[in-house]
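# Breakdown of the fold
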Amino acid sequence: MEDTIYDLMEQAQDLPGGAAKLAILEEAARLADASGLKELAYEVRGEIVDCAIFNGYPLKALIAFSWQLGQFDQTPDEYDEQELLWTYKWILGKVCSFPNIPKTQVEDLVEDMRKRYAEYGYNERPYQYYKFRIAMDMGRLDEARQYLDTFRTIERDSMSDCEACEQSQIVRFYYLTGEDEQALSVAKPILSGRMTCAEVPHVTLSQVLLPLYRQGEADKAKDHHRNGYRLVRDDRDFLKTIAEHIEYLAVADPVKGIEVVERHLHMALDYESGLEQMYFYAAMVGLLQKLDASGDSRLIRLPASLEWGKEERTLTEIIAYFRPLAESAAAAFDRRNGNTFYTDWIGKIVQTA
Amino acid sequence: MSQTNEYRFQVNLGGMIDILANHLYSSPRVFIREVLQNATDAITARKELGETAAESKGFEGKVTVELSGSGEQQVLMIQDNGIGLSEEDIHRFLSIIGQSSKKGADLLASETSFIGRFGIGLLSCFMVSDEIVVLTRSVKEGISMEWRGKPDGTYTIRRLETELPVGTQIYLRCKPGSEFYYEPAQVEESLFYYGALLPYPVMLSVDGETRRVNLPSTHWMQDPEQLRSRRGEVLDLGYRLMGERFGDFIPLRTASGRTGGIAFILPRSINLNSKRLHRVYLKHMLVSDKAENVLPEWAFFIKSLIWTDELQPTASREYFYENEQLDGVRSELGTCIRQELLRMAEYEPDRLQHWIRLHELSMKALAVEDDEFLRIMHRWFSFESTFGRRELSELIREAGGRPLHYTSTVDEYRQITHVAAAQSMLVINGGYIYDTEILEKLHWIDPALQAERLSPEDVSLSFTGLTQEEREQYYSVLRVMDAALQPMRCRTELKRFEPASLPVLYTISQDALTLRSMENTVEETTALFSNVLDSLKAGVQQNAGYSTLYFNLNNPVVARIFEATDTQMITAATEMMYVNALMMGHYPMNRSELGLMNRSVLHFINWGLGNGQNM
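All of these numbers come straight from a predicted model, not from anything done at the bench.

### Regarding the interface of chain B and chain A
On the side of chain A, 50 residues touch chain B, which itself brings 45 residues to the contact. A salt bridge links K38 of chain A to E524 of chain B; the shortest N-O distance between them is 3.3 Å. At the boundary of chain B and chain A, one finds 7 residue pairs in polar contact (both at pLDDT 80 or more). Elements represented by at least two residues in the side of chain B that touches chain A include exactly α8 (324-347), α13 (410-422), α14 (435-445), α17 (510-522) and α18 (527-544) of chain B. Residues that form the side of chain B that touches chain A fall into these classes: 16 nonpolar, 16 polar and 13 charged.

### Considerations on the environment of L69 of chain A
Within the element layout of this structure, L69 of chain A appears in helix α4 (residues 58-74). Relative accessible area serves as the criterion here: at 1%, L69 of chain A is assigned to the buried category. Remark: the alpha-carbon pair of L69 of chain A and H245 of chain A, spanning 176 residues in sequence, is separated by 36 Å. The residues contacting L69 of chain A, other than those within four sequence positions of it, are L84, Y88, D112 and R116 of chain A together with T526 and F529 of chain B.

### Considering the pattern of salt bridges
All names here are of chain A. Counted under the stated rule, the structure contains 68 salt bridges over all chains. Here E244 makes a salt bridge to K240, at a shortest N to O gap of 3.7 Å. Taken together, the residues span about one helical turn, with E244 and K240 both in helix α13 (residues 239-252) at a distance of 4 residues.

### A short note on the sheet that holds strand β14 (residues 302-308) of chain B
Residues and elements named next belong to chain B. In space, the 5 strands of this open sheet follow the order β10-β11-β14-β12-β13, with mixed pairing throughout. Across the chains shown, the open sheet's two edge strands, defined by having one partner strand only, are β10 (249-253) and β13 (285-291). Averaged over all pairs of adjacent strands, the angle between strand axes in this sheet comes to 15°, irrespective of strand direction. Where strand β11 (residues 259-265) meets β14, 7 bridges bridge the pair, whose relative direction is antiparallel. The residue of β14 that forms the bridge with G260 is W307. Packed onto the sheet, helix α7 (residues 231-242) meets β10, β11, β12 (278-282) and β14 and runs at close to 90° relative to β11. Contacting β10, β11 and β14, α8 runs over the sheet at an angle of about 140° to β10.

Criteria and thresholds
Residues numbered from 1 in each chain as written. Chains lettered and ligands numbered in written order. Predicted model: local features only at pLDDT ≥ 70, side-chain atom pairs only at ≥ 80, totals over all residues. Heavy atoms only, no water. Contact = heavy atoms within 4.5 Å. Salt bridge = Lys/Arg side-chain N within 4 Å of Asp/Glu carboxyl O. Polar contact = N/O pair within 3.5 Å; in protein donor to acceptor, adjacent residues only side chain to side chain. Helix = DSSP H or I, 4+ residues; strand = E, 2+ residues; numbered from the N terminus. Nonpolar A, V, L, I, M, F, W, Y, C, P; charged D, E, K, R; others polar. Buried < 20%, exposed > 50% of the residue type's maximum accessible area, 1.4 Å probe, protein only. Pairing = 2+ DSSP bridges. Axes fitted to C-alpha atoms, helices over the stretch in contact; angles between N-to-C directions.

Written out as structure tokens, the structure is:
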């Protein structure tokens, strides 16, 4: 049985991240579980977490990580704590995407991470930094501003996110608060190429578009859109970033936005994270409304995975289908977060009839 | 009347060389590229001069490299017959070197003038030599000059009395530890590596023997279409330059003609994740043999040789800047490849089929992006199906106008494949990358082609239902069975289906499967995470529904279970069948399922022993 499992893992290795790869890894995990091969099951789940988190399957990642953590706590000496603790941060980066997880549980998770980091001698920078990110995810921007001031005063250690990642989150903060000048100035080292990593500048370029556009720098915005969109367009990990490109195109070039919507809607339909899905639907509805209002009567091609998607649909029909989805998702998040952040946000980009 | 002046750069040259060697250039051997580049620039400059002055009508550029001496006395000389440097030029290039240390790599990127690049390129020679001597005579001045520089920052400039030929000679004395870079084979290899496509002779002279190193003719670079009629030659070139025996290629050319190339089709299948390593020349000089971004992502079945004069290299001159220009070039080159494949589809389907078989993933990736391409190519794509691995055209024929059924995951395919196969039902496995996307897009390229997603539950549609009479007869047994499996969120159904040897079929939806793995994980994780998973379960549960255990009345054992009257017996048998189905499908069991199995096994043993005693 071990051989079969290794074969499956090898097969998975040859595939790019995505549903096909996950299916094979899950099969391997099932086989390992069924044959009681704990260590192998742990290893496979590490691969699942890795693949799932970066390809739009955060629920699968969370399940696999939970299993790993339970196993680790039973026999901590058998496994590498560094890898596990590092992965913990990825999970925290996604927990807010599920409205079903209550706020107290999210907070408990961050405290649990804090405790575990302290136990292995790492400092509080990641803790404060994730408090900052989670506050942003929950639309509690005043809280976020406090954590922003705190985390930066703590020295970086080997559990800290890289400089580029941290910087990109700061850009995101000013993007959310609408402080355009701040956002652009914080984005500078990223735009100049001095700070980069696997996800930066990908996630940053989409967040300077509207600030630039609003400041009259339309050409620069266009350039960054072109570069940024190219970096993310084939990667399910960046659905929210793609949604931000759509939000920008709704203002700058709605007709081009249609292409982007048609190309990515199938990704959004099959996305495990409610938050990112909501972002996409809302941005898309905003864009389609712009076109609809301008008298554009084009038909949109929908993915066949949508039940009624086998026919071309009018803008009005599509808007009517997706707008309530975005709005009810926003309401669910707001209920959990205890504010009206997402409802307000949708109100801003979607025209209320 | 010779006069010597000593100067000193206002430069920490050691630091500069360190930047070059350790941070900017990938290997010391790039000094060959830099001196070749200097020679090329000098020749180009002289040619440009020739277009205005009568001086160099009929001028032919030429570079000669000479190796002499041995061991630490080894000297490498590079001579060109380009424009040469005047005394003023030398001072200017030195002042540019002076600025270099202040601005570091930025200056290397921004400096584009001939003199500026000359000086900077020369610095790279300090990686392999402790003394650089430049002898030069400018075509304009006619004065012969000598410049000697040391890495400590000191240099001398001297007017020579002897009359040099027009052009520049650079002498590099081997620095201890750099002997490798002075070996004749290594020098030849590097000259060819960087300068194979230079449009004038690059000669290497060792021990009085001189031969040409680069390609004798490169006029086809102007019009790559010419390459079509020179197949053998092109494939040989591919082997010499790319180190691989290719069997086929596609000429590349952008509309402006400023970028061209040869796209060699890889003769073997490659991993989707493997690096795309293209070899790119800028103005005839090699920039990189690891350029990944000059062709579109889907073109991973191509290894190409590209030449261009319109892209902007990065500071190290080893990659290109990702800008609008590159974007345009990339998409034009992609169009060349796509057009050629479409052309093959029309005129050489056999040749195309061969390449599709080898590089199906790449072609499918393109098809997902490009409807026109999908429309032409789809018939040749192959899919795994219950009828074996077949080309789509064949599957369409088999379907006979009915929709093509497919599963969207490998998992679902496995769940139903044996049943579907036994019933000669055509089902395609859409679980592999791109397959579902392609199947779902078929409709858009041809409305007559419909693909329908099949979930495991749908297979039951093809099962034979029971007669009214049977239904009544087995009603009470089914109720007992449902009650037994209710805690597992599983319901039972009784059908007749093939193969008869299969007693039960367990089907579960993707959401139910997720729910199952959540429940099993709750048992394994920490209290905190099991709370979190419990919170998440609510959302998943809504869509998950029940799994289904289909009993096959065609199976003799199943038929006997349904004849039984003992409720306990039926319950135990149902539980055993359920557990058995889980094991056959490699679904790990949770605690309650293991308990179930334990209980029913004991029950059967007990019952079996009891029976034995009675006999």
